[in-house]
Amino acid sequence: MGILENLTGTTNRRSFLAGGTAAVVASALAVPTANAATAVRRFHIASDGDDSASGLTPKKAWKSLDRVNRETFQPGDAILLRSGDVWKGRLRLSGSGAEKKPIVLGRYGEGPLPVIDMGAAEGAAVLLENLSWWRITEIEVTSGAPADPKIGRQGIVALVTGEGTCTNIEIRGCFVHDVWGTLGGGGPLDMYNSSAIFVGRRQTDRHRTGSVENVIIEGNRIERVDRCGIIVWRGGKGVVIRQNRMENIGGDGIFPEGCDGVLVERNIVTRSCLRTGDPDLTLADKRYNPHSAAIWLQNCTGGIMQFNEVYDTGRCKGNGDGEAYDFDFGCHDCILQYNYSRNNYGLLLIMQRTSGNIARYNISENDQTHLLALRSNLDDGNLIHNNVFYVDHGTAEIEMMDNPQIKDKTKAGVPLRNNIFYATGQGRFRVLYLTPTLPDPSPGANRLFLDNCYFGPWLGDGPNDANLPGKTFDPLFIAPGRGGTGFDTLKGYQLKPESPCLGRGSVIPKNGGRDFWGNPLPSGALDVGAFQHRAK
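Quick caveat, the model's predicted, so the values are computed rather than measured.

Mind showing me how you'd approach the side chain of E399 here?
The topology assignment puts E399 in strand β33 (residues 388–400). Of the side chains bearing the opposite charge, R315 lies closest to the buried E399, which forms no salt bridge; the N-O distance is 6.6 Å. Beyond its immediate stretch of four places on either side in the chain, E399 contacts H370, L372, A373, L374 and L432.

Looking at this structure, I do not really get the environment of G320. What am I missing?
Structurally, G320 can be placed in the loop between β24 (309–311) and β25 (325–327). Note on G320: relative accessible area 31%, which makes it partly exposed.

Explain unusual backbone geometry here, please?
A negative phi angle is the norm for most residues apart from glycine, just as the trans form is the norm for most peptide bonds. The peptide bond linking D226 to R227 adopts the cis configuration, its omega dihedral lying at 0°. Assignment of secondary structure puts R227 in the loop between β15 (221–226) and β16 (228–233). Even without glycine at this site, R224 takes up a positive phi of about 60°. Structurally, the position occupied by R224 is in strand β15. Look at R224 and you get partly exposed, because its relative accessible area is 28%. With a phi angle near 60°, L476 is a residue other than glycine that sits in the positive phi range. By the element assignment, L476 lies in the segment after α3 (468–471). On the basis of relative accessible area, L476 is assigned to the partly exposed category, the value being 23%.

Would you mind going over the pattern of salt bridges with me for this structure?
Note on pairing: side chains with opposite charge can pair once their charged atoms come close. Considering all chains together, one arrives at 20 salt bridges under this definition. Note that R107 and E138 form a salt bridge whose closest N and O atoms lie 3.4 Å from each other. Here R107 is found in strand β5 (residues 103–108), whereas its partner E138 is found in the loop between β8 (134–137) and β9 (140–142), with 31 residues between them in sequence. What makes R107 partly exposed here is its relative accessible area of 25%. Residues joined by salt bridges that share partners form a network here, namely R135, E170, R172, E218, R242 and E265.

Help me understand the state of the cysteines in this model?
Evaluation of the coordinates by the stated rule reveals zero disulfides. Left unpaired, C300 is separated from the closest cysteine sulfur, that of C259, by 4.7 Å. As a non-bridged cysteine, C501 has C453 as the owner of its nearest cysteine sulfur, 4.0 Å distant.

The rules behind each value
- Counting of residues starts from 1 at the beginning of each chain's written sequence and follows it residue by residue.
- Owing to the predicted nature of the model, reporting of local features is limited to residues with pLDDT of at least 70; listing and counting of side-chain atom pairs is limited to 80 or more, with chain, interface and lining totals taken over all residues.
- Excluded from the side-chain calculation are hydrogens and water; included are all heavy atoms of the structure.
- Elements are defined by DSSP. Helices are runs of H or I of four residues or more, strands are runs of E of two residues or more, and each kind is numbered from the N terminus.
- Note on classification: 1.4 Å probe, protein chains only; a residue is buried when its accessible area is under 20% of the maximum for its type, exposed when over 50%, partly exposed between these limits.
- Note on charges: Lys and Arg go in the positive column, Asp and Glu in the negative column, and His and the chain ends are not counted at all.
- For this document, the term salt bridge refers to a Lys or Arg side-chain nitrogen within 4 Å of an Asp or Glu carboxyl oxygen.
- Whether two residues are in contact is decided by their heavy atoms: any pair within 4.5 Å suffices.
- Criterion for a disulfide: a pair of cysteine sulfur atoms at a distance within 2.5 Å.

Written as structure tokens, this is what we have:
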């Protein structure tokens, strides 16, 4: 077993789909981690050190990053930067660890994190290339150089350029900030490659088959970067992205691609997607994808996004997305649950070529424009159930969007069950259907809207729910619209004991086993919304 011992994406996915509450994956990682105390050799680096010394004690510390770059490290080694010191330059690390003997890049001493300042250089501040069994922890990475459309910059990178699989990479407790890469431009480090933390294969290496597995990216802070926060490209099994905080991101916040059983949980993304799509940006050529979202999956199977918070996502003129979350092309059997979305350009996008994805027990407060953008086919088995959508200003749209792959236009869209749509003040909802016809309005498997609660105004005809006249009632929230920062501000979306939503929802097999607040779910009819009352 490795650094990510006992973690398998398949096990997590099956447990959730079976509806077990204990599998909320906060306990899925019993991760034994190596530390500097057990290292075979401990190399110390200090800004007043001596590169001709051994480096094996603080008094014999090396001085420069160049000296570190000349060394090939062995399993169990540790490279320790002195806390509070600053180095100009970049690290190019060599050597792989082994099972139970990862190589550690970290720090020694008390005080602020050690700083690696890459300046205006192109490339990564810290680079692992085709290496395995590394743990990078508690370092600060920055650049500060102004953006240049021809220069791609990255923070911490574990890159796969060969045909094999790199494994067991940990990046924990680091601070990456003011790294201005490119949003596009056609260079080898453009777009998704310009990230604060990048693990995997470059997007441009399409002819390669190399991948990365058993990755944990945890507890990092990321601020003021372009284009992206955290990217895992061509990940395999055992990828975990958790408890990271980021703010002021030019494009995507967290984007795992090609992963099996990826877990994305307890991250906080604030003000992402601020610069992609900006029509005034000058780019070197036309290779540029202006679209971005805060947290999203692509080509993933059995992925889980849970307990995340997304706030104030941007959406420049050319960005067609800006949602908090997204099941993108090639996502199958993935789950979005127990997340909070506030003041974004929509909660969720579901693209075509997806199947079996579920969005449940999430809370959306004042997400605007395309609240739900749904491009899939009813036969694909995607489902949105037991969420809360609250708006007190603007028009929030549920878009059953055009998809040329859907030949039978009556089957376009995603079913919505047991959700609460709550509009108050100047808020309103609208549903935009495909033309030329609406989905089959008669009861049956192809219905889009069923057993939801609708409160407040809808523009146009409203949902085609046969139960609509009996479902347009006040759900009697405790105190809606008072969400702030953090899950502890959301109690107002629980239902009062006299709520008409209690027990009036559809039966949902494999419903996840718990509501937004951890209350157990019955096997029969559910309450409508994200709250389940406790049976006496």
